[in-house]
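# Chain and residue survey
Read off the chains here:
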Amino acid sequence: MACLKIWLIRQTPQWLDTPLDAVKYQLNAEALTAHWHGEAVNSQLYRLDGLTKIFGQDHWSLDAYLPYSSVFGTHEWLYAAYLAVWAHITPHWPVWATYSNAALAALFPAVSFGIARELGSTTRIAALGGTVALIDPSAAVNGAWLLKDTLACWCVLIAIWAALVILRKPRFMLVLLLGSALGILGSVRFLGLMAVLLAILVLLPALLVRRRILTSGSLLVACLYGLSLFSTLNSLPVEGVGSVLERPVVALKAILFGQVETLSVSRRADMASSAIDDTVVDWYTRLSESPLKASATAASRTLFAPYPWVIITEGLNFRNGIELYYLGIVLWIICLPGIFWAIVQALRNPSFPAAFVGLVLGACLGAYVIFYGEWSTRQRVFMLPVFFALAAIGWVDLVQRLGFWKDPAASGGCADKSNPRLTRRS
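These remarks concern the structure in this document. Remember, it's a predicted structure, so these values are computed and weren't measured experimentally.

A few words now on the overall build of the protein. A tally of regular secondary structure across the protein gives 21 helices and two strands. The burial tally for the protein puts 52% of its 426 residues in the buried class. Sequence separation of at least 24 residues holds for 70% of the intrachain contacts in the protein that already meet a minimum separation of 6. A total of about 19900 Å² of accessible surface is found on the protein, and carbon and sulfur atoms cover 66% of it.

Ranked by size, the top nonpolar core spans 118 residues in total, and within it W60, I160, L178, L219, F356 and M383 carry the most contacts. Contacts of W60, omitting those with residues within four sequence positions, involve A31, L32, H35, E39, A40, V41, L48, L51, Y68 and V71.

Another point: helix 21 (residues 384-401). Its 18 residues give helix 21 an end-to-end C-alpha distance of 25 Å, which sits within 8% of 26 Å, the value for a rise of 1.5 Å per residue. Burial analysis of helix 21 places 15 of its 18 residues in the buried class, the great majority of the element.

Take unusual backbone geometry next. Backbone torsion omega between L236 and P237 reads -5°, so that peptide bond is classified as cis. Structurally, the position occupied by P237 is in the loop between helix 13 (213-235) and helix 14 (246-268). With an omega of -5°, the peptide bond running from A305 to P306 counts as cis. On the secondary structure map, P306 appears in the loop between helix 16 (291-304) and helix 17 (310-313). For T377, which is not glycine, the phi dihedral falls at a positive 50°. Position of T377 relative to the elements: it lies in helix 20 (residues 377-381).

Among the structural elements, M1 can be located in the segment before helix 1 (2-10). Here M1 falls in the exposed class, since its relative accessible area comes to 51%. Separated by 133 residues in sequence, M1 and L134 place their C-alpha atoms 7.2 Å apart.

Nonpolar side chains collect at one region of the surface, where M1, L4, W7, L8, L134 and I135 lie side by side and expose about 580 Å² of accessible area between them. When contributions to the nonpolar patch are tallied by element, the ones reaching two or more residues are helix 1 and helix 8 (123-135). Its location among the elements puts I135 in helix 8.

Take the packing of aromatic side chains next. Taken as a whole and judged by the stated rule, the model has 15 aromatic pairs. Seen in terms of ring centroids, W60 and Y68 are 6.1 Å apart; in terms of plane orientation they differ by 80°. Their pairing is edge-to-face. An aromatic cluster is defined as three or more aromatic residues linked by ring pairs; in this entry it consists of W332, Y368, F371, Y372, W375 and F387.

Turning our attention to the packing of helix 6 (residues 93-105) against helix 7 (residues 107-118). At a minimum axis distance of 5 Å, the contact between helix 6 and helix 7 shows a crossing angle of 20°. If you check the angle between helix 6 and helix 7, you find them roughly parallel. Within the contact between the two elements, helix 6 uses A103, L104 and A105 and helix 7 uses L107, F108 and P109. For the contact of helix 6 with helix 7, a count of residues per class yields six nonpolar, no polar and no charged.

The subject of this paragraph is the side chain of S121. Turning to its location among the elements, S121 is positioned in the loop between helix 7 and helix 8. At a separation of 2.8 Å, a polar atom in the side chain of S121 contacts the main-chain carbonyl oxygen of A116.

The rules behind these values
- Residues numbered from 1 in each chain as written.
- Predicted model: local features only at pLDDT ≥ 70, side-chain atom pairs only at ≥ 80, totals over all residues.
- Heavy atoms only, no water.
- Helix = DSSP H or I, 4+ residues; strand = E, 2+ residues; numbered from the N terminus.
- Buried < 20%, exposed > 50% of the residue type's maximum accessible area, 1.4 Å probe, protein only.
- Contact = heavy atoms within 4.5 Å.
- Areas by Shrake-Rupley, 256 points an atom, 1.4 Å probe, with all protein chains shown as cover.
- Core = buried A, V, L, I, M, F, W, Y, C linked by side-chain atoms within 4.5 Å.
- Expected span 1.5 Å × (residues − 1).
- Patch = residues over 30% accessible without salt bridge, like charges linked within 9 Å, V, L, I, M, F, W, Y side chains within 5 Å.
- Salt bridge = Lys/Arg side-chain N within 4 Å of Asp/Glu carboxyl O.
- Phe/Tyr/Trp six-rings, centres within 6.5 Å; stacked < 30°, edge-to-face > 60°.
- Axes fitted to C-alpha atoms, helices over the stretch in contact; angles between N-to-C directions.
- Parallel < 35°, antiparallel > 145°, perpendicular 65-115°, else oblique.
- Nonpolar A, V, L, I, M, F, W, Y, C, P; charged D, E, K, R; others polar.
- Polar contact = N/O pair within 3.5 Å; in protein donor to acceptor, adjacent residues only side chain to side chain.

Laid out in structure tokens, this is it:
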């Protein structure tokens with residue numbers, strides 16, 4: 001199904017409107033491949049922003065023994081390396097790399113099913129969430145281009161699913177899986193790493209109060225391992241400076257201070273600074289001019305963008321890649337009532353799994369709204385399988401309450417005590 005959806009997207013004329021990010025990842029991958037082959041690489045031609053802006057070098061020479069994150073100018077460099085591996089294997093690597101996104105996206109329905117089960121739903125409801133993820137076209141749109149979103153979604157979903165199972169029954173392999181997913185996620189989408197870490201750190205005191213010592217220790221060990229792996233990837237191929245415990249702290253400190261600087265500079269609209277971000281500047285300009293209007297626009301875009309009614313009011317030009325997201329946004333809007341009702345049910349019957357999922361989603365929502373004024377389109381897609389699990393839980397409960405369907409075994413929300421998978425301890 002994932003391959004079929006990507007193939008269908010690639011047949012549309014809108015697919016030719018390649019996002020600029022996809023072009024950059026392809027250039028960076030070609031640069032990395034050439035570097036591995038012992039060739040000097042033009043930093044401006046291949047958009048090696050770190051070499052150009054930080055080090056002021058025109059070429060990536062072989063004797064320049066620098067971390068890849070410094071060369072590319074970002075700690076989120078791992079997807080370019082993933083593409084470079086494909087470029088090293090076959091001359092037709094863009095096609096192979098694109099369809100490898102389908103192999104990653106094939107996990108999404110299974111994760112929606114698994115998350116719904118861990119939140120207390122029955123197999124039927126979980127299968128509904130997995131089915132929605134199976135037919136969802138939005139993930140295929142991201143996967144049809146050479147974008148990091150599919151890999152980022154794959155990593156964060158593994159991390160969330162593993163953490164939920166650990167909350168129920170800690171296991172060594174799950175700790176290893178969670179830590180590995182977090183470490184890779186940090187080098188693909190740092191925001192996802194911080195969202196999961198924040199959710200775990202918030203839950204740890206409550207787990208300790210409940211005397212869930214093994215669960216707390218497992219989550220803490222997974223976090224430390226994930227941070228260590230992330231700092232190692234962030235310094236490759238150069239050996240990191242400092243001790244094993246010091247390197248993750250240094251890496252996180254540098255990145256977080258950089259984000260704070262971007263935010264503060266953008267709010268001042270200090271155009272002379274290298275930390276300026278045009279998207280953040282535009283958002284804070286609108287917020288300063290009309291806070292109420294800007295907030296309403298942010299909420300509207302987060303819930304409904306890209307607006308599907310544009311198809312009726314303005315029509316399609318078949319040249320804009322955003323139009324490929326319209327079909328998926330209709331499915332998202334249909335899911336919204338179920339998502340909100342699942343959240344209401346989780347607040348009525350709180351549990352650790354529901355709290356963890358809510359904290360992760362809340363952290364992502366807060367970060368995107370604070371920096372960009374919205375959480376929509378591409379950025380929202382990487383969390384859709386989680387939302388589909390909530391939508392299945394919420395919609396089934398709404399339908400039951402309205403009397404349209406009766407299922408004695410069905411769950412009543414995110415903390416169903418009748419589910420045999422949820423023991424009293426969890």
